[in-house]
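# Fold and contact review
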2 protein chains.
Amino acid sequence: MLAAHLAVVGLGLIGGSVARALRAAGVVGRISGYDPDPRQREDALAAGVIDTAHSSAAACVREADLVIVAVPVLRTVEALSAIRDALRPGTIVTDVGSTKQSVATDVEQVFGELPPWFVLGHPIAGTEKSGVSNSLADLFRKHRVILTPHRCQDAVALSTVRRLWEACGARVVEMAPAQHDLIFAATSHLPHVLAYSFVDMIGKLDDSAGIFPNAGGGFRDFTRIASSSPQMWHDIVRANAAAVSDLLTRQIADLQALQDMITSGRWDEMKATFERARAAREHYLTQIE
Amino acid sequence: MLAAHLAVVGLGLIGGSVARALRAAGVVGRISGYDPDPRQREDALAAGVIDTAHSSAAACVREADLVIVAVPVLRTVEALSAIRDALRPGTIVTDVGSTKQSVATDVEQVFGELPPWFVLGHPIAGTEKSGVSNSLADLFRKHRVILTPHRCQDAVALSTVRRLWEACGARVVEMAPAQHDLIFAATSHLPHVLAYSFVDMIGKLDDSAGIFPNAGGGFRDFTRIASSSPQMWHDIVRANAAAVSDLLTRQIADLQALQDMITSGRWDEMKATFERARAAREHYLTQIE
């Protein structure tokens, strides 16, 4: 048993899926849940995802020995402020935010420090769907979860959160927050920005009505992430602005270089770029676990 | 019966698949095939895709009443020059090139005009795999084929090629070559350039070895087309350079605008861009047939 009483603050896709997975694994006792949206609370209760629904975050965590904060990343300060005075000594708190340096700053702002019992985490899973009604007990199975331990991290808190994610079927990896934020700017945040910008550019063309019906499977895959939640990706890009902006600068420079190759007919250089990219992706495919 | 004798010049994925599809539909008699690569000829013959293999394109088409030229788009002049003097009067010739203005220019260069019996075509189908051994009888089923009729087009030639593709299970759409080239620059050629450039940019980062293992499903889909043949996409971008370059200019400007929003904190504008893109993509999804 990892926790006699688990509290889930934020009953969305991630919060709901963690509750389901831990319940299915039999590693937690009672589960209480909070969400500002009454509909999510009712859905979670009706589906048996939680045992008790609370209309206040403080009430939700008051008796818990393990708290998972699963709110949009720009709501972290608000959520932590709401639970701060209700946490019992010894309670372990962890989060699921897609950016880790911004959450670390938020935690310091609310608690005055990075407390030993706060574990920064990020499960690499999700779908384009949202809300507790789309949550799944096996959402994290065979997925990675990144933990970014800090200088004052308590070893028991860290290992408890590690075991929490392992009980969900995930594989836990540890790294520094700055490394996390660079890696996910590269593999996730920038691709979303590029996909949104590309679809927007096409949509603004005079002939866009004639263009879309001719798009095929390559287009569909390339633009799939542009169907993700604009609010959520606004939050993430904003929370990781420095890393995203740095990579975007490189990307624009590289596209300008390709443009120069095309307009000046340096075709061998262009082909060499395509070949490097294909080789890099083939190498990446060998590393997927 | 569309043709008593079909000749396929270029026994790759597309040429092989057309031959298989037309044979399965029972609309052609004998099928002769040519490829510069003896291996492709042998594979095509062994698999029963063709009845006769020729080591010269001229010999392959000499007795045909319908010829499909299915070669890489930059090899069009070479292929047409090879068959020019062997074509019988009345033989219908069509191609499968991904760019249509460049092929029209190539045809004019070889024949001195756009002959009435030459039909410009482009089947919107393919996989990342290549070669006749990967060809499939149902590759074109429920896919679009674009035909770009020209001013002197013979009506019988056009309707024969239309029925050819309909026999393969495809839906035929007609449009002007310039419109075709803009549409496919937008839905296919530019996405390939962007995907190659993005993967190359990530691959060049100092920490790229640590980045790729953390990439998830979104990254995999977004970069899938960067595993396509660099040679083929070199050819296509080169053959459609003006349209691709124009869109790339717009894309770079839009990315620069997004970069400015991020660095100056104009978050509402950034979110509005994401929202427009998502709406455009949702609209596009309603148009997929």
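Let me sum up the structure you'll find in this document. Quick caveat: nothing in here was measured; it's all calculated off a predicted structure. By convention here, each chain's residues receive numbers from 1 onward along its written sequence. Ligands are numbered from 1 and chains lettered from A, in the order in which they are written. Per-residue local features of the predicted model are confined to residues with pLDDT of at least 70, and side-chain atom pairs are confined, for both listing and counting, to 80 or more; whole-chain, interface and lining totals are unaffected and use all residues. As a rule here, side-chain values come from all non-hydrogen atoms in the structure, and water together with hydrogens is ignored.

## Remarks on the environment of B:Ala19
Residues and elements named next belong to chain B. To keep it simple, the criterion reads: To qualify as a helix, a DSSP run of H or I must reach at least 4 residues; to qualify as a strand, a run of E must reach at least 2; elements of each kind are numbered from the N terminus. Contacts between residues were defined by any pair of non-hydrogen atoms, one from each residue, lying within 4.5 Å.
Along the chain, the position of Ala19 falls in helix α1 (residues 13-25). In this structure, the C-alpha to C-alpha distance between Ala19 and Gly48, residues 29 residues apart in sequence, is 9.6 Å. Those residues in contact with Ala19 that sit more than four places away from it in its chain are Val8, Ile31 and Val49.

## What to know about the sheet that holds strand β6 (residues 118-119) of chain B
Residues and elements named next belong to chain B. How we decide: Think of it this way: DSSP has to see at least two bridges between two strands before they count as a pair.
Read from one edge of the open sheet, 6 strands run β3-β2-β1-β4-β5-β6, paired in parallel fashion. The open sheet terminates on both sides in strands that have one partner only, identified here as β3 (52-54) and β6. Here 4 bridges tie strand β4 (residues 66-69) to strand β5 (residues 92-95), and the two strands are oriented parallel to one another. Along β5, the bridge assignment pairs Val67 with Val93.

## Examining the interface of chain B and chain A
By a widely used convention, the size of an interface equals the accessible area lost when the partners come together. Where we set the bar: Note on terms: buried area is the combined drop in 1.4 Å-probe accessible area of two parts once they are placed together, counting the loss on both. A pair is scored as a salt bridge if a Lys or Arg side-chain nitrogen falls within 4 Å of a carboxyl oxygen belonging to Asp or Glu. Residues adjacent in sequence count toward polar contacts only when both atoms are side-chain atoms; beyond that, a polar contact is any pair of N or O atoms within 3.5 Å, and within protein one must be able to donate a hydrogen and the other to accept it. Nonpolar residues are Ala, Val, Leu, Ile, Met, Phe, Trp, Tyr, Cys and Pro. Charged residues are Asp, Glu, Lys and Arg, and all others, Gly as well, are polar.
Across the boundary between the two partners, chain B contributes 84 residues, which contact 84 residues of chain A. Of the roughly 8,000 Å² buried where chain B meets chain A, counting both sides, 66% is carbon and sulfur surface. Contact with chain A buries area across many residues of chain B, yet B:Asn214, B:Phe222 and B:Arg281 alone supply 9% of it, more than any other trio. If you look at where chain B meets chain A, you find 6 salt bridges. In this structure, B:Asp221 and A:Arg224 form a salt bridge, with 2.7 Å as the shortest nitrogen-oxygen distance. The interface formed by chain B and chain A contains 26 residue pairs in polar contact (both at pLDDT 80 or more). Of all the secondary structure elements, the ones that give two or more residues to the side of chain B that touches chain A are β8 (144-147), α7 (177-203), α8 (208-211), α9 (217-223), α10 (230-239), α11 (241-263) and α12 (267-287) of chain B. No other element matches the 18 residues that α7(B) contributes to the side of chain B that touches chain A. By residue class, the composition of the side of chain B that touches chain A is 46 nonpolar, 22 polar and 16 charged.

## Looking at the pattern of salt bridges
Side-chain pairing between opposite charges can occur once the charged atoms of the two side chains come close. What counts is decided by this rule: For each residue, the accessible area found with a 1.4 Å probe, counting protein chains only, is set against the maximum for its type, and the residue is called buried under 20%, exposed over 50%, and partly exposed in between.
As enumerated under the stated definition, the model contains 26 salt bridges over all chains in all. Across the salt bridge formed by A:Lys204 and A:Asp200, the nearest N and O atoms sit 3.6 Å from each other. Highlighted residues: A:Lys204 and A:Asp200, both in helix α7 (residues 177-204), separated by 4 residues, approximately one helical turn. For B:Arg23, the salt bridge goes to B:Asp51, with nearest N and O atoms at 3.1 Å. Note that B:Arg23 is positioned in helix α1 and B:Asp51 in the loop between α2 (38-46) and β3, a separation of 28 residues in sequence. On the accessibility criterion, B:Arg23 (30% relative accessible area) is partly exposed. For B:Asp51, a relative accessible area of 40% corresponds to the partly exposed category.

## Section: the side chain of B:Gln40
Residue and element names in this part refer to chain B. Turning to its location among the elements, Gln40 is positioned in helix α2. On the basis of relative accessible area, Gln40 is assigned to the buried category, the value being 17%. The contact partners of Gln40, leaving out residues within four places of it in the chain, are Leu11, Asp35, Gly131 and Val132.

## So, the packing of aromatic side chains
Inclusion rule: Stacked, tilted and edge-to-face pairs are distinguished by plane angle, under 30 degrees for stacked and over 60 for edge-to-face with tilted covering the rest, among Phe, Tyr and Trp rings (Trp via its six-membered ring) whose centres lie within 6.5 Å.
All told, the structure shown has 17 aromatic pairs over all chains when counted by the stated rule. A ring pair is formed by A:Tyr284 and B:Phe219, whose centres lie 4.9 Å apart and whose planes are at 80°; its orientation type is edge-to-face. With one member in each of two chains, A:Tyr284 in helix α12 (residues 267-287) and B:Phe219 in helix α9 form a pair that bridges those chains. In this structure, A:Tyr284 and B:Phe219 share a single accessibility class: buried. Among the aromatic side chains, those forming a connected cluster through ring pairs are A:Phe198, A:Phe212, A:Phe219, A:Phe222, A:Tyr284, B:Phe198, B:Phe212, B:Phe219, B:Phe222 and B:Tyr284.

## Topic: empty space enclosed by the protein
Remark: the empty space left among the atoms is shown by a probe the size of a water molecule rolled over them. Residues and elements named next belong to chain B. Note the cut-off: Put simply, the grid is 1 Å and covers the protein atoms alone, a cavity is a trapped set of points that fit a 1.4 Å probe, a pocket is an open set with protein on both sides within 12 Å along at least five of seven lines, and lining residues have an atom within 4 Å of a point. Grid points are joined across faces, edges and corners, and a volume is the space filled by probe spheres set on the points.
Enumeration over the complete set of coordinates arrives at 1 cavity of 30 Å³ or more. Approximately 40 Å³ is the volume found for the largest cavity. Along its surface, the largest cavity is lined by Val69, Val71, Thr76, Asp95, Val96 and Gly97. Class assignment for the residues of the lining of the largest cavity results in 3 nonpolar, 2 polar and 1 charged.

## Here we look at helix α5 (residues 101-111) of chain A
Structurally, the α-helix is built with 3.6 residues per turn, so residues lying three or four positions apart point the same way. Residue and element names in this part refer to chain A. Where α5 is concerned, the buried positions are Ser102, Val103, Ala104, Asp106, Val107, Val110 and Phe111. Elements that come into contact with the buried residues of α5 comprise α4 (76-83), β5 (92-95), β6 (118-119), α7 and α10 (230-239). Just downstream of α5 lies Gly112, where phi reads positive at about 80°.

## Re the nonpolar core
Applicable threshold: For our purposes a nonpolar core is just a set of buried Ala, Val, Leu, Ile, Met, Phe, Trp, Tyr and Cys residues, chained together by side-chain atoms within 4.5 Å.
Of all hydrophobic cores here, the largest spans 142 residues; its most connected members are A:Val67 and B:Val67. Other than its neighbours up to four places away in sequence, B:Val67 contacts B:Ala7, B:Val9, B:Val61, B:Ile83, B:Leu87, B:Thr91, B:Ile92, B:Val93 and B:Thr94.

## Considerations on the pairing of strand β2 (residues 28-34) of chain A
All names here are of chain A. Our working rule: Whether a crossover is right-handed depends on one test, that the path from the first strand over the helix to the second runs clockwise when the strands point away from the viewer.
Among the 7 residues in β2, 5 count as buried, and that is most of the element. Summarising the sheet, strand β1 (residues 3-9) and β2 pair through 6 bridges and their orientation is parallel. Considered in β2, the bridge of Val9 is made with Tyr34. Relative to strand β3 (residues 52-54), β2 is paired through 3 bridges, and the arrangement is parallel. Considered in β3, the bridge of Ser32 is made with Thr52. Each parallel crossover has a hand, and for β2 linked through helix α2 (residues 38-46) to β3 it is right-handed.

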